[in-house]
Amino acid sequence: MSVTRGRGLRGRRTMGTVAVRRLLALPVLAALAAGCGIRATEVPTDFGPAPSRVHCSVSEPDVSAQSSRGLAVQVFLLCGSSLVAVDRTVSVEDGTADARRRVLVAQELLNQLAAAPSAGEAEAGYRTTVRDGMTVTGPRSDDPEDTLRLSFPPDALAKSSLAQIVCTFSDSAAAEGDGSVILGGPDGAPLRRYECTDEVRAEPNSAKPPSSEVTDG
């Protein structure tokens, strides 16, 4: 009887030890699961795919080759939610008078803005909202000499389109180089001096280029 009782006690102790070891192992397994990225829940959760990222980066162009084909310039395209400068070239004949040169450069820049981005630029996320077919002319007789008049009223353009044009013109030979440009339309609306600011470049869809009415001719 004593032998049987001893075996029974040892058996119960062995089973108890195994149960305790299993209980102690549970926190370790939970920690390992958490470390492996396994959620400690039985409720399935779907967070959807990871958000796509716009790189806004293309291979560097050969600036020297571009310069040999024309005047190296930059235009501002939309990429993501901001404006980004990209390299372009425009052609202007040597010896062109400054006033005429300014208008020719502005028209070339406008054409570049309206053109579809290259395949590489489109793949990188670049786009434009500037409408095709717009033209630009120089000042009227009573306008300031650095005025540029668009064939479409500037204030009627979409915010992003106006931002692209203002930032491109103000950073080029089409303007005086002070970060602003005087724009007018085909009608008799007052001329306005527009500025390309950091806020406009960062949020062209929501921040309209600041401007002030031009009162002196």
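All of these numbers come straight from a predicted model, not from anything done at the bench. Just so you know, the residues in each chain are numbered from 1, in the order the chain's sequence is written. Where local features are concerned, this predicted model is filtered to residues with pLDDT of at least 70; where side-chain atom pairs are given and counted, the filter is 80 or more; whole-chain, interface and lining totals use all residues. With hydrogens and water excluded, all non-hydrogen atoms of the structure serve as input to the side-chain values.

Points about the sheet that holds strand 1 (residues 71–79)
- Pairing between two strands requires that DSSP report at least two bridges joining them. Under the DSSP-based scheme used, a helix requires at least four consecutive residues in state H or I and a strand at least two consecutive residues in state E, with every element numbered from the N terminus. Strand order in this open sheet of three strands is 2-1-3, and the pairing throughout is antiparallel. Two strands close off the open sheet at either side, each with one partner strand: strand 2 (82–90) and strand 3 (126–127).
- Examined bridge by bridge, strand 1 and strand 2 share nine bridges and lie antiparallel to one another. Across the sheet, residue Leu-78 finds its bridge partner in strand 2, namely Leu-83.
- Residue contacts are counted whenever heavy atoms from the two residues lie within 4.5 Å of one another. What counts as an axis is a line fitted to C-alpha atoms, over the stretch in contact for a helix, and the angles between N-to-C directions run from 0 to 180 degrees. The strands touched by helix 5 (residues 159–170) within the sheet are strand 1, strand 2 and strand 3, with strand 1 carrying the most contacts at an inclination of about 155 degrees.

Details of the state of the cysteines
- When two cysteine sulfur atoms lie within 2.5 Å, the pair is treated as a disulfide. Tallied over the entire structure, the rule returns two disulfides.
- At a sulfur-sulfur separation of 2.1 Å, the disulfide partner of Cys-56 is Cys-79. Where Cys-56 bonds to Cys-79 through sulfur, the torsion about that S-S bond is close to -105 degrees, and the disulfide is left-handed. Placement of Cys-56 in the loop between helix 1 (2–35) and helix 2 (63–69) and of Cys-79 in strand 1 is noted, with a sequence separation of 23 residues between them.
- The side chain of Cys-167 participates in a disulfide bridge whose partner is Cys-196; the two sulfur atoms lie 2.1 Å from each other. Taking the torsion about the sulfur-sulfur bond, which here is approximately 90 degrees, the covalent link between Cys-167 and Cys-196 counts as right-handed. A residue pair is termed long-range when its members are at least 10 positions apart, and Cys-167 in helix 5 and Cys-196 in the loop between strand 7 (192–195) and helix 6 (198–202) qualify at 29 residues. Cys-196 carries the same exposure label as Cys-167, and that label is buried. Partly exposed residues are those whose accessible area sits between 20% and 50% of the maximum for their type, while under 20% is buried and over 50% is exposed, using a 1.4 Å probe and protein chains only.

Brief notes about the pattern of salt bridges
- When a carboxyl oxygen of Asp or Glu is within 4 Å of a side-chain nitrogen of Lys or Arg, the pair counts as a salt bridge. For the structure on display, the rule yields five salt bridges.
- In this structure, the salt-bridge partner of Arg-193 is Asp-178, at a minimum N-O distance of 3.9 Å. Highlighted residues: Arg-193 in strand 7 and Asp-178 in the loop between helix 5 and strand 6 (180–184), separated in sequence by 15 residues.
- Given a relative accessible area of 51%, Asp-178 falls into the exposed group.
- Note that Asp-198 is salt-bridged to Arg-201, the shortest N-O span being 2.4 Å. Pair noted here: Asp-198 and Arg-201 are both in helix 6, with a separation of three residues, about one helical turn.
- Assessed through its relative accessible area of 59%, Asp-198 is described here as exposed.
- On the basis of relative accessible area, Arg-201 is assigned to the partly exposed category, the value being 27%.

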